[in-house]
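# Fold and contact review
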Amino acid sequence: MKTAVIKYNSGNVQSVLYALERLGAEAILTDDPDEIRGADRVIFPGQGEASTAMNYLKARKLDQLIREIKQPFLGVCLGLQLLCEHSEENNTGCLGIFPVKVKRFIPENSQEFKVPHVGWNELENLADNPLLRDLPDSRFVYYVHSYYAELSEATIASTHYIHDFTAVLHRDNYWAIQAHPEKSSTVGEKLLENFLSI
């Protein structure tokens with residue numbers, strides 16, 4: 001079973017590859033459409049800025065490829081945001097897999113809440129979903145982000161920081177996680193393990 005990790009000029013890719021290696025997964029980092037289509041699963045990680053990432057995807061026609069994927073697909077961090085329809089970050093039109101808008105955190109109290117949101121917060125309001133099965137009781141995951149996806153019908157878990165926001169999305173063969181599973185200890189490892197078994 002081969003997992004393609006999409007290469008698109010974004011950060012945190014190497015740590016995702018290491019996490020998959022620890023789970024015994026055969027993973028390749030690629031922006032080659034044939035390799036992506038031929039993989040059993042696809043992971044779309046990323047840290048960075050939305051419009052730059054979208055421009056890279058469009059230049060290589062990866063935006064259309066991602067919309068046509070039939071196998072299990074997992075977006076991570078910026079990958080989640082790019083799977084939504086629009087981001088406030090530089091007023092960016094995104095991939096539209098999830099009919100969800102991505103907004104910037106506005107701190108209500110600058111002493112208590114900082115932007116970007118950096119640190120450990122808990123997954124809450126978990127739906128019955130194969131990605132979320134058998135997670136440890138302490139469901140804390142590690143976040144680094146200034147933008148968040150609004151709550152929607154596709155939300156299968158939420159987190160509270162300033163207000164509730166989408167932690168995990170699911171629609172058809174697409175899943176997405178805002179936190180960094182590769183940096184989220186046993187919870188993150190279990191999320192990736194669950195995805196590899198879908």
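Read on for a plain summary of the structure. (Residues numbered from 1 in each chain as written. Predicted model: local features only at pLDDT ≥ 70, side-chain atom pairs only at ≥ 80, totals over all residues. Heavy atoms only, no water.)

## Quick word on helix α6 (residues 185–196)
An ideal rise of 1.5 Å per residue puts 16 Å on 12 residues; α6 measures up with 17 Å between its terminal C-alpha atoms. All of the buried residues in α6 are Val187, Gly188, Lys190, Leu191, Leu192, Asn194, Phe195 and Leu196. (Helix = DSSP H or I, 4+ residues; strand = E, 2+ residues; numbered from the N terminus. Expected span 1.5 Å × (residues − 1). Buried < 20%, exposed > 50% of the residue type's maximum accessible area, 1.4 Å probe, protein only.)

## Considerations on the sheet that holds strand β13 (residues 174–177)
Reading across the sheet, the 7 strands line up as β2-β1-β3-β4-β13-β12-β11 and stay open at both edges, with mixed pairing between neighbours. Either end of the sheet is taken by a strand with one partner, and the two such strands are β2 (26–30) and β11 (155–161). Across the sheet, the mean angle separating the axes of adjacent strands is 25° when strand polarity is ignored. Looking at chain direction, strand β1 (residues 2–6) and β2 are connected through 5 bridges and run parallel. Considered in β2, the bridge of Ala4 is made with Ile28. In this fold α6 packs onto β1, β3 (41–44), β4 (73–76) and β13, with an angle of close to 145° to the strand it touches most, β3. (Pairing = 2+ DSSP bridges. Axes fitted to C-alpha atoms, helices over the stretch in contact; angles between N-to-C directions. Contact = heavy atoms within 4.5 Å.)

## Brief notes about the packing of aromatic side chains
Summed over the entire model, instances satisfying the criterion amount to 10 aromatic pairs. Ring centres of Phe44 and Phe73 lie 5.8 Å apart, and the angle between their planes is 50°; this geometry places the pair in the tilted category. In this pair, Phe44 is assigned in strand β3 and Phe73 in strand β4, connecting sequence segments 29 residues apart. Chaining the aromatic ring pairs together yields one cluster made of Phe105, Phe113, Tyr143, Tyr148, Tyr161 and Phe165. The ring of Tyr56 has Arg60 sitting right over it, with the charged end atom 3.5 Å from the ring centre. (Phe/Tyr/Trp six-rings, centres within 6.5 Å; stacked < 30°, edge-to-face > 60°. Lys NZ or Arg CZ within 6 Å of the ring centre and 35° of its normal.)

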